[in-house]
Amino acid sequence: MSKILLVGGGGREDAVARKIVESGGELYAALKNENPSVLELSREHLIVNELDYSKITEFAVKNNIELAFIGPDPVLDTPLHEELTRNNILVASPSRSAAKLETSKSYMRDLLTKHNIPGNIFSRLFTNQSDLEAFLTSENREFAVKPVGLTGGKGVRVMGLHLRNSTEALAYAKEILSKDGQVMLEERITGEEFSLQVFTDGNKVAPTPLAQDFKRAYEHDEGPNTGGMGSITDSDGLLPFIPAKSYDFALSVMQKIASSMKDDGNPFKGIMYGQFMETADGPKVVEVNARFADPESLNILSLFRGDFVELLYSIAEGKLRTDFSFRQSASVLKYVVPKGYGTKPLPGTISIDLDSMSEDVLLYYAAVSGTKEKVQMSTSRSLAVVGMAPTIEEASAKVEENLKNIRGEYYLRHDIGSREMMAEKMRNFRKS
Ligand code: GLY
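Residues numbered from 1 in each chain as written. Predicted model: local features only at pLDDT ≥ 70, side-chain atom pairs only at ≥ 80, totals over all residues. Heavy atoms only, no water.

Peer 1: Talk me through the overall build of the chain; I want residue IDs and the actual numbers.
Peer 2: Scanning the chain from terminus to terminus reveals 14 helices and 25 strands. Against the compact-globule benchmark of 22 Å for 432 residues, the chain has a radius of gyration of 21 Å, which places it among compact chains. Projecting the C-alpha coordinates of the chain onto the three principal axes gives extents of approximately 60 × 50 × 40 Å. Buried positions account for 56% of the 432 residues belonging to the chain. Long-range pairs, those at least 24 residues apart, make up 67% of the contacts in the chain between residues at least 6 apart in sequence. When the accessible area of the chain is evaluated, it comes to approximately 17500 Å², of which 47% is carbon and sulfur surface. (Helix = DSSP H or I, 4+ residues; strand = E, 2+ residues; numbered from the N terminus. Rg over C-alpha atoms; globule rule 2.2 N^0.38 Å. Buried < 20%, exposed > 50% of the residue type's maximum accessible area, 1.4 Å probe, protein only. Contact = heavy atoms within 4.5 Å. Areas by Shrake-Rupley, 256 points an atom, 1.4 Å probe, with all protein chains shown as cover.)

Laid out in structure tokens, this is it:
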């Protein structure tokens, strides 16, 4: 039995943990919260600050770990990969240097420019205030203002959306500049976003179904940005409101990124997650991340059919296997979060009647502790409820029907994947 180390204790890691155990792996988890599902699945666990790479390496060595998988992005930006490799442990996640694809937005944009990879947009890095001021006051366009490094999905602010005018954009950009010494401005683009996650061994890439996530806290895509309130996939692996040729385009972009990084001597092994936007001018690259998306990976892993442990070995060993498939169902995920999530979260407890949940609904535990039946929420996302059915609308309804089995003070976006939401997306798609 392979001994596998999993780092992280969120919803994404709960989904990964299940696949590892289902494929016969012996799970060892290093996580900061007492996630009841991950703990139940693990042979041994270590409650630890996930950035403490020395303690995690020590735990891995002590338990004779053969292969490691790193879930959260901040952990990719530590020497953990290097330390595990130095101890002859295989790692199915990118090195710190390859993870720059996510940890440095300027690395990603420069890579696209250098290798003429299509889908790039105008972006500029600023390291001093006078250049920033001169630029923003001379431009009529709208921009997204972004920290260069990791933001937990919450640091990006967009003119016309979160920033009312160039004065507010300048103030926010200056705030980032004084904190980080650098700030990115990217041309504002509009349209439907979609996510494509691929497995890659640094050479070949293998796609997973296209997904869409919902970052805004409130229904109808209003309110502050969050880590993600839910996500959808469709039964054919595409999305009905995204042209199939845009999926092909996105996949070719991901393949070109993997090949370019290999050519540059910085090969990327692991899961690469591209966020794209379908604009009037075709699909554009919004971000490229160095890990599974949360929530979209929970949809993908719920549908995954194959030997996940073998797949992880094939990634780490540079011999990507593609003998896996995805169940041909649509899926809708809605995150149960504490009331006030996004502004002033009020964590409480929720009770779950596990025996009454439908067969086609899976629950994943996120930033919580307690037991699987009585969950103690933190200020972050708590419980992912994933419904699977022939259509997105039916999968959404399946989640709703099962909410009666989850009791307590919580908030959830009911609109994700609903008939009304899908009808509106299709109306907009036909108009475009
Ligand atoms: N889906 C948002 C993220 O994983 O960053």
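After presenting the structure, the write-up continues.
Peer 1: Describe in detail the site of the ligand, supporting the description with residues and values.
Peer 2: Around the ligand sit Asp 213, Gly 227, Tyr 273, Arg 291, Ala 293, Asp 294, Pro 295 and Glu 296, and that is every residue in its neighbourhood. Contact distances for the ligand include 2.9 Å between a nitrogen atom and a side-chain N or O atom of Tyr 273. The separation between a nitrogen atom of the ligand and a polar side-chain atom of Glu 296 is 2.7 Å. Computed on the free molecule, the ligand has an accessible area of 200 Å², of which 90% lies beneath the protein chains in the complex. (Near = heavy atom within 4 Å. Polar contact = N/O pair within 3.5 Å; in protein donor to acceptor, adjacent residues only side chain to side chain.)

Peer 1: How would you sum up the packing of helix α7 (residues 105-114) against helix α10 (residues 244-263)? Please name residues and give values.
Peer 2: Running from N to C, α7 and α10 point in directions that differ by 95°, and their axes come no closer than 10 Å. In terms of orientation, α7 and α10 fall into the roughly perpendicular class. Residues Tyr 107, Leu 111 and Leu 112 of α7 form the contact with α10, whose own contacting residues are Ile 257, Ser 260 and Met 261. (Axes fitted to C-alpha atoms, helices over the stretch in contact; angles between N-to-C directions. Parallel < 35°, antiparallel > 145°, perpendicular 65-115°, else oblique.)

Peer 1: How would you explain the packing of helix α1 (residues 11-22) against helix α11 (residues 296-303) if you had to name every residue and give the values?
Peer 2: Remark: α1 packs on α11, axes separated minimally by 9 Å, with the N-to-C direction vectors making an angle of 15°. When the axes of α1 and α11 are compared, the pair comes out roughly parallel. The two elements α1 and α11 cross, and the hand of that crossing is left-handed. Contact residues: α1 offers Gly 11, Arg 12, Ala 15, Val 16 and Lys 19, while α11 offers Ser 297, Leu 298 and Leu 301. Along the lines of polarity and charge, the residues of the contact of α1 with α11 split into four nonpolar, two polar and two charged. (Left-handed = near helix turned anticlockwise from the far one by under 90°. Nonpolar A, V, L, I, M, F, W, Y, C, P; charged D, E, K, R; others polar.)

Peer 1: Explain the environment of Phe 241 residue by residue, including any values.
Peer 2: Within the element layout of this structure, Phe 241 appears in the loop between β13 (222-233) and α10. For the pair Phe 241 and Ala 423, spaced 182 residues apart in sequence, the C-alpha to C-alpha distance is 10.0 Å. The contacts of Phe 241, once residues within four sequence positions are left out, are Glu 192, Gln 212, Ile 232, Met 422, Lys 425, Met 426 and Phe 429.

Peer 1: So what about the side chain of Ser 37? Which residues, and what values?
Peer 2: Looking at where Ser 37 falls in the secondary structure, it is placed in helix α2 (residues 36-41). Among the polar contacts listed, one links the side chain of Ser 37 to the side chain of Arg 18, at a separation of 3.5 Å. Not counting the four nearest positions on each side in its chain, Ser 37 is found in contact with Asp 14, Arg 18, Tyr 365 and Lys 372.

Peer 1: Account for the sheet that holds strand β22 (residues 374-377), with residues named and values stated.
Peer 2: One open sheet holds the four strands; their spatial order is β21-β22-β19-β24, and the pairing between them is antiparallel. Taken across any chain shown, the strands that pair with only one partner, and hence form the sheet edges, are β21 (368-370) and β24 (406-408). Averaged over all pairs of adjacent strands, the angle between strand axes in this sheet comes to 30°, irrespective of strand direction. Alignment of strand β19 (residues 349-352) against β24, held across three bridges, turns out to be antiparallel. Directly across from Ser 351, in β24, lies its bridge partner Arg 407. (Pairing = 2+ DSSP bridges.)

Peer 1: Now, about unusual backbone geometry: what can you tell me, with residues and values included?
Peer 2: Here the residue pair Asp 294 and Pro 295 is connected by a cis peptide bond, since its omega of 25° sits within 30 degrees of zero. Structurally, Pro 295 can be placed in the loop between β15 (282-289) and α11. Positive phi values are uncommon outside glycine, yet Asn 88 reaches one of about 60°. Here Asn 88 is to be found in the loop between α5 (80-86) and β5 (90-91).

Peer 1: Quick rundown of the sheet that holds strand β2 (residues 26-31)? Include the residues and the values.
Peer 2: Strands sit in the order β3-β2-β1-β4-β5 across an open sheet of five strands; the sheet is parallel. Here the strands that pair on one side only, and so sit at the sheet edges, are β3 (44-47) and β5. As defined by bridge partners, strand β1 (residues 3-7) adjoins strand β4 (residues 67-70) across four bridges and the pair is classed as parallel. Along β4, the bridge assignment pairs Leu 5 with Ala 68. Most of the contacts of α1 go to β1, to which it runs at about 175°, and overall it touches β1, β2 and β4. Sheet strands in contact with helix α3 (residues 53-62) are β1, β2 and β3, and its direction is about 165° off that of β3.

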